[in-house]
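Descriptive structure summary
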Amino acid sequence: MPDKPPVTLHDVVSEAPLGLAPVVPGNPAAVITGAHTSDIHNPAAWLEPNTVLLTTGLRFVNAERDELLAVRLVEDLRKARVAAVFFGIGVYFDQVPAKLVSACKQAGFPLYTVAPDVPFHRIENFINKSQASPDAYLQKRALWLSNDLLQSISAEDPVKALIVRLATACRGTAVLYEDSGRIVESSGDGPTHLIWKELRNRKNESDPIVIGQWEVMARPLVLRGDGFTLAVASRNHRVLKDLGDVLLETTQRLLAAIYGIAQFSDSRERHENTQLLTMLQDGVPVSREFRHWERMRTFRFIPYAPIRAVVAANLAQQPLDPSFSERLLRGAETSGLGLLLAENGRTPENPPGFHALVSDSSALDAWLELTDRSVFVGLSEPYSDLAKTPEAFREAEAAAGIARRQIQAATTTASGAYRGIVRLDEVDPSTWLLARRQSPQDKDKLNRFVEALNVDSELKQTVIWYLVNDLDVAKVASVLFVHPNTVRYRLKKVENLVGGSLSSPRIIANLYLAFHDEIVPLTEP
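Residues numbered from 1 in each chain as written. Predicted model: local features only at pLDDT ≥ 70, side-chain atom pairs only at ≥ 80, totals over all residues. Heavy atoms only, no water.

1. Observations concerning the overall build of the protein
Helices and strands together make up the secondary structure of the protein, namely 20 helices and 15 strands. Relative to its 525 residues, the protein shows a buried fraction of 46%. Residue pairs at least 24 apart in sequence account for 64% of intrachain contacts in the protein once pairs closer than 6 positions are excluded. Looking at the protein as shown, the accessible area adds up to about 27000 Å², and 51% of this sits on carbon and sulfur atoms. (Helix = DSSP H or I, 4+ residues; strand = E, 2+ residues; numbered from the N terminus. Buried < 20%, exposed > 50% of the residue type's maximum accessible area, 1.4 Å probe, protein only. Contact = heavy atoms within 4.5 Å. Areas by Shrake-Rupley, 256 points an atom, 1.4 Å probe, with all protein chains shown as cover.)

Dropping the structure here:
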């Protein structure tokens with residue numbers, strides 16, 4: 001078995017889990033052969049050369065009058081060739097006594113603090129047991145590093161915390177790339193763009209890469225179906241040689257766990273989202289409104305603030321792309337928009353789409369822009385009484401019907417700019433009344449009134465533009481690129497076909513209602 005390189009002061013103080021911070025830094029290359037805890041008054045006589053003294057400072061308690069206590073201690077330790085003092089704070093002292101700091105600085109003797117939550121036996125084990133054999137040393141160190149990386153899972157941003165801890169563990173840089181080369185997270189001052197360039201061009205994925213003073217190890221991985229590359233880089237080549245594979249393997253497993261937890265959390269949240277929306281659509285009594293508002297807080301709703309019901313569907317009656325719902329959910333989360341959303345199935349009366357409740361906030365307009373152009377959307381009027389949710393969805397369905405007819409009419413009239421989003425509170429009375437047509441007879445009544453015009457596309461087009469342009473013959477002539485007298489001639493023929501003058505409010509009202517769906521898209525800005 002090959003001899004293990006000696007442990008240096010740099011190795012010890014760079015080990016993040018040991019919680020060491022310099023007060024008087026020592027020689028990083030100094031060899032450390034052991035560590036002992038002692039609070040007796042003359043510890044130097046019991047310590048071997050090149051060892052570390054661990055102390056909580058008991059000897060300095062109530063010893064303020066002894067001006068030379070710290071000077072004598074440091075002098076004795078220096079003569080015994082002790083490597084350094086590791087002072088545990090948080091037991092008797094919140095910081096190293098000033099006299100000890102002054103004595104160490106004057107003698108140039110290394111002094112480090114030990115964090116309050118780090119037990120001395122952890123430092124002793126790291127130094128003492130690492131002397132036994134290379135395998136025992138590496139296994140122990142790998143276990144500590146794995147446990148340290150594991151702490152990142154409980155962080156608010158676990159991926160970022162994991163990459164930061166990984167960079168600390170390899171004493172260099174850690175970076176997570178997407179397949180495109182975009183950096184998801186990185187930590188450290190390594191040349192991340194050069195690293196990606198070299199990784200993209202290398203032939204063997206298992207070979208380390210050298211970039212100047214940096215040595216790089218990397219590993220490809222797949223998380224939730226997407227490809228990534230995890231890389232670590234360090235100027236200390238021995239660290240990567242000894243622990244690079246362990247660090248990459250452990251981090252890969254932890255990233256899979258983090259993404260798995262996130263996926264489970266998303267799945268559970270989606271189920272709760274759908275369940276709560278269904279309950280509200282079925283109707284809740286007034287006495288239980290407060291309880292439901294409290295549940296809705298999870299989805300960014302403010303109790304009793306205005307909300308809207310939303311009904312949307314696909315014109316082609318094709319199932320929605322899975323990424324579509326994901327885009328809407330993530331968009332609401334990013335903007336802080338309250339949202340309950342559930343996809344609905346495909347039936348003749350209810351084509352593929354979604355139902356939703358949204359906050360009537362300033363973020364709503366931007367969220368609606370995320371909807372696909374092939375989807376028509378209807379929104380109810382704002383309300384804050386949850387008991388009215390079933391009625392609000394009926395309003396939203398009526399608004400969606402208006403949007404569907406108008407987007408179809410826009411396609412027919414080649415007016416493709418119509419967006420297909422209708423808020424019921426912005427709909428005029430005639431549009432609202434037409435949306436409430438309950439039977440085919442209602443529609444047939446209007447169709448019979450303009451039956452003769454429907455067979456003459458030229459007359460129909462002229463009368464529609466006449467209604468769009470506020471009965472202005474000159475504007476109609478300009479739109480149709482004809483002489484005004486031609487327009488007047490056509491309108492006279494229209495009057496004969498409908499049996500009344502175009503100056504009659506009754507005739508104009510009937511024509512407007514009959515051609516309403518074609519007129520609205522042409523009047524959209």
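2. Topic: a nonpolar patch on the surface
On the surface, L58, V61, V91 and Y92 cluster together into a nonpolar patch covering about 350 Å² of accessible area. Within the secondary structure, L58 is located in the loop between β3 (51–55) and α2 (69–79). With a relative accessible area of 39%, L58 lands in the partly exposed category. (Patch = residues over 30% accessible without salt bridge, like charges linked within 9 Å, V, L, I, M, F, W, Y side chains within 5 Å. Salt bridge = Lys/Arg side-chain N within 4 Å of Asp/Glu carboxyl O.)

3. Some points on the sheet that holds strand β13 (residues 353–359)
Strand order in this open sheet of 5 strands is β12-β13-β11-β14-β15, and the pairing throughout is mixed. Looking at the sheet topology across the chains shown, the edges are occupied by β12 (339–344) and β15 (421–423). Across this sheet, the average inter-strand angle for adjacent strands is 15°, counted without regard to direction. Where strand β14 (residues 375–379) and β15 come together, 3 bridges link them in parallel fashion. (Pairing = 2+ DSSP bridges. Axes fitted to C-alpha atoms, helices over the stretch in contact; angles between N-to-C directions.)

4. Notes on the packing of aromatic side chains
In this structure the tally under the stated criterion is 5 aromatic pairs. With a centroid separation of 5.0 Å and an interplanar angle of 35°, the aromatic rings of Y177 and W196 are classed as tilted. Note that Y177 is positioned in strand β6 (residues 172–178) and W196 in helix α7 (residues 192–201), a separation of 19 residues in sequence. Both residues of the pair, Y177 and W196, count as buried. Ring centres of F354 and W367 lie 6.4 Å apart, and the angle between their planes is 75°; on these two criteria the pair is classed as edge-to-face. One end of the pair, F354, is in strand β13; the other, W367, is in helix α11 (residues 364–368), with 13 residues separating them in the sequence. With respect to burial, F354 and W367 carry one shared label: buried. (Phe/Tyr/Trp six-rings, centres within 6.5 Å; stacked < 30°, edge-to-face > 60°.)

5. Section: the confidence of the model for the protein
Within the protein, residue pLDDT values average 82, and 83% of them lie at 70 or more. Within the protein, no element has a lower average pLDDT than helix α5 (residues 134–150), which sits at 57, and none a higher one than strand β5 (residues 111–114), at 96. (pLDDT = per-residue confidence, 0-100.)

6. Concerning the sheet that holds β6
Read from one edge of the open sheet, 5 strands run β7-β6-β10-β9-β8, paired in antiparallel fashion. At either end of the open sheet lies a strand with only one pairing partner, and these are β7 (183–187) and β8 (209–211). In this sheet, adjacent strand axes meet at a mean angle of 20° when their direction is disregarded. Examined bridge by bridge, strand β9 (residues 214–223) and strand β10 (residues 226–234) share 9 bridges and lie antiparallel to one another.

7. Structural notes on the packing of α2 against helix α3 (residues 98–107)
Between α2 and α3, the shortest axis-to-axis distance is 8 Å and the interhelical angle comes to 45°. Between α2 and α3, the angle is such that the two are oblique. For the pair α2 and α3, the sense of crossing is right-handed. Here α2 contributes A70, V71, L73 and V74 to the contact with α3, which in turn contributes K99, L100, A103, C104 and A107. Across the contact of α2 with α3, the residue classes break down as 8 nonpolar, no polar and 1 charged. (Parallel < 35°, antiparallel > 145°, perpendicular 65-115°, else oblique. Left-handed = near helix turned anticlockwise from the far one by under 90°. Nonpolar A, V, L, I, M, F, W, Y, C, P; charged D, E, K, R; others polar.)

8. Quick word on unusual backbone geometry
The phi dihedral of R81 is positive, around 60°, even though this residue is not glycine. Counting through the fold element by element, R81 comes out in the loop between α2 and β4 (84–88). A residue is classified by how much of its surface remains accessible, and R81, at 54% relative accessible area, is exposed. The phi angle at F481 is positive, at roughly 60°, despite the residue not being glycine. Judged by relative accessible area, F481 falls into the exposed class, the value being 77%.

9. With respect to the nonpolar core
Within soluble globular proteins, side chains that are nonpolar tend to cluster in buried spots. Ranked by internal contacts, the top residues of the largest apolar core, which has 27 residues, are L280, M296, F301, I307, L340, L357 and L386. Counting residues per element, this core draws most heavily on helix α12 (residues 389–412), at 7 residues. When residues no more than four places from it in sequence are discounted, the contact partners of L386 are L280, V284, E289, H292, W293, M296 and I307. (Core = buried A, V, L, I, M, F, W, Y, C linked by side-chain atoms within 4.5 Å.)

10. Some thoughts on the pattern of salt bridges
For the structure on display, the rule yields 13 salt bridges. We note a salt bridge from E294 to R297, for which the minimum N-O separation is 3.1 Å. Among the ionic contacts, a cluster of salt bridges with common partners joins E75, R78 and K79.

11. Some points on the packing of helix α16 (residues 457–468) against helix α20 (residues 516–523)
Running from N to C, α16 and α20 cross one another at 55°; their axes reach a closest spacing of 10 Å. Classified by the angle their axes make, α16 and α20 are oblique. At the point where α16 passes α20, the crossing takes the right-handed sense. Between α16 and α20, the contacting residues are K460, I464, W465, L467 and V468 on the first element and E518, I519, L522 and T523 on the second. A class-by-class count of the residues in the contact of α16 with α20 yields 6 nonpolar, 1 polar and 2 charged.

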